[in-house]
Amino acid sequence: MNDQELVACALHARKQAYTPYSHWTVGAALLTEDGTVYEGCNIENAAYTPTNCAERTAFFKAVSEGARAFTAIAIVGGYDTSEPEQVCAPCGVCRQVMMEFCDPKRFRVVLGTKDGVAQTYTLEELLPCGFGPGTLSGE
Ligand code: THU
């Protein structure tokens, strides 16, 4: 699966977004080392704070099914059903969840639009000096 295809999966995932409050719809597609893709969308809540971002939905689906080794995540977002023209970068909480399961120097975050891949970063670029499992184990 290449990055362009992973963005296509994120666009597909975004169709399931549940966003009655913000109307900001996000899709994510998380690729494992063995080539499996876990899709996620954002899921909002009337109490607001229980809202789950698309990226975390994808991670929690994957981890809950036993996946632990990840290579990349593609993310797309925009207003309601509009086609995403601009990139949607992951929030800080989602970057921290990525930090728990991914090597920040190798894990890639692919930001897409309706036209496909727009920008690619390593997790380390998006979360420099991140606090992760290695910090606690003295690495
Ligand atoms: N959102 C995501 O799904 N991912 C992000 O990284 C940024 C924000 C969602 C949360 C909320 O449902 C909506 O976008 C507006 O913040």
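Residues numbered from 1 in each chain as written. Predicted model: local features only at pLDDT ≥ 70, side-chain atom pairs only at ≥ 80, totals over all residues. Heavy atoms only, no water.

Caption draft 1: The arrangement of the layout of surface pockets in detail. Considered as a void within the structure, the largest pocket measures approximately 200 Å³ in volume. Per-class residue counts for the lining of the largest pocket are three nonpolar, three polar and five charged. (1 Å grid on protein atoms, 1.4 Å probe; cavity = no way out; pocket = protein on both sides within 12 Å on 5 of 7 lines; lining within 4 Å. Points joined across faces, edges and corners; volume = space filled by probe spheres on them. Nonpolar A, V, L, I, M, F, W, Y, C, P; charged D, E, K, R; others polar.)

Caption draft 2: Region of interest: the nonpolar core. One finds L30, F59, F70, I73, M98, F107 and V109 to be the most contacted residues of the largest nonpolar core, which totals 25 residues. Elements supplying a minimum of two residues to this core: β1 (24-32), α2 (54-64), β3 (70-79), α3 (92-101), β4 (108-113) and α4 (123-126). In terms of residue count, the dominant contributor to this core is α2 (five residues). Beyond its immediate sequence surroundings of up to four residues, F70 is in contact with L30, L31, T32, E33, F59, A62, V63, F101, C102 and F107. Judged by nonpolar contacts, the second largest core, of ten residues, contains V7, C9, A72 and A74. (Core = buried A, V, L, I, M, F, W, Y, C linked by side-chain atoms within 4.5 Å. Buried < 20%, exposed > 50% of the residue type's maximum accessible area, 1.4 Å probe, protein only. Helix = DSSP H or I, 4+ residues; strand = E, 2+ residues; numbered from the N terminus. Contact = heavy atoms within 4.5 Å.)

Caption draft 3: Up close: the site of the ligand. Around the ligand sit S22, W24, V26, N42, E44, T51, C53, A54, E55, A89, P90 and C91, and those are all the residues in its vicinity. Taking E44, its side chain carries an N or O atom lying 2.5 Å from an oxygen atom of the ligand. A distance of 2.8 Å separates an oxygen atom of the ligand from a polar atom in the side chain of E55. If you list the elements that add at least two residues to the shell around the ligand, you get β1 and α2. Partitioning the shell around the ligand into residue classes produces seven nonpolar, three polar and two charged. (Near = heavy atom within 4 Å. Polar contact = N/O pair within 3.5 Å; in protein donor to acceptor, adjacent residues only side chain to side chain.)

Caption draft 4: Representation of a nonpolar patch on the surface in the model. A cluster of nonpolar residues, Y18, Y21, I43 and Y48, forms a patch on the protein surface that exposes about 440 Å² of accessible area. Looking at where Y48 falls in the secondary structure, it is placed in the loop between β2 (37-41) and α2. Residue class for Y48 comes out exposed when judged on its relative accessible area of 56%. (Patch = residues over 30% accessible without salt bridge, like charges linked within 9 Å, V, L, I, M, F, W, Y side chains within 5 Å. Areas by Shrake-Rupley, 256 points an atom, 1.4 Å probe, with all protein chains shown as cover. Salt bridge = Lys/Arg side-chain N within 4 Å of Asp/Glu carboxyl O.)

Caption draft 5: Just the pattern of salt bridges, in detail. Applying the stated criterion to the full structure yields four salt bridges. R108 is the partner of D3 in a salt bridge, and the nearest nitrogen-oxygen pair spans 2.7 Å. Of this pair, D3 sits in helix α1 (residues 3-14) while R108 is found in strand β4, placing the two residues 105 residues apart along the sequence. E85 is the partner of K114 in a salt bridge, and the nearest nitrogen-oxygen pair spans 4.0 Å. Within this pair, whereas K114 is found in the loop between β4 and β5 (116-122), its partner E85 is found in the loop between β3 and α3, the two being separated by 29 residues in sequence. By relative accessible area, K114 is classed as partly exposed at 31%. Connected through shared salt-bridge partners, E85, K114 and D115 make up one network.

Caption draft 6: Just the packing of aromatic side chains, in detail. According to the stated counting rule, one finds four aromatic pairs in the structure shown. Look at F59 and F70: their rings are 5.2 Å apart centre to centre, the planes differ by 65°, and that puts the pair in the edge-to-face class. A residue pair is termed long-range when its members are at least 10 positions apart, and F59 in helix α2 and F70 in strand β3 qualify at eleven residues. Grouping residues by exposure puts F59 and F70 together as buried. (Phe/Tyr/Trp six-rings, centres within 6.5 Å; stacked < 30°, edge-to-face > 60°.)

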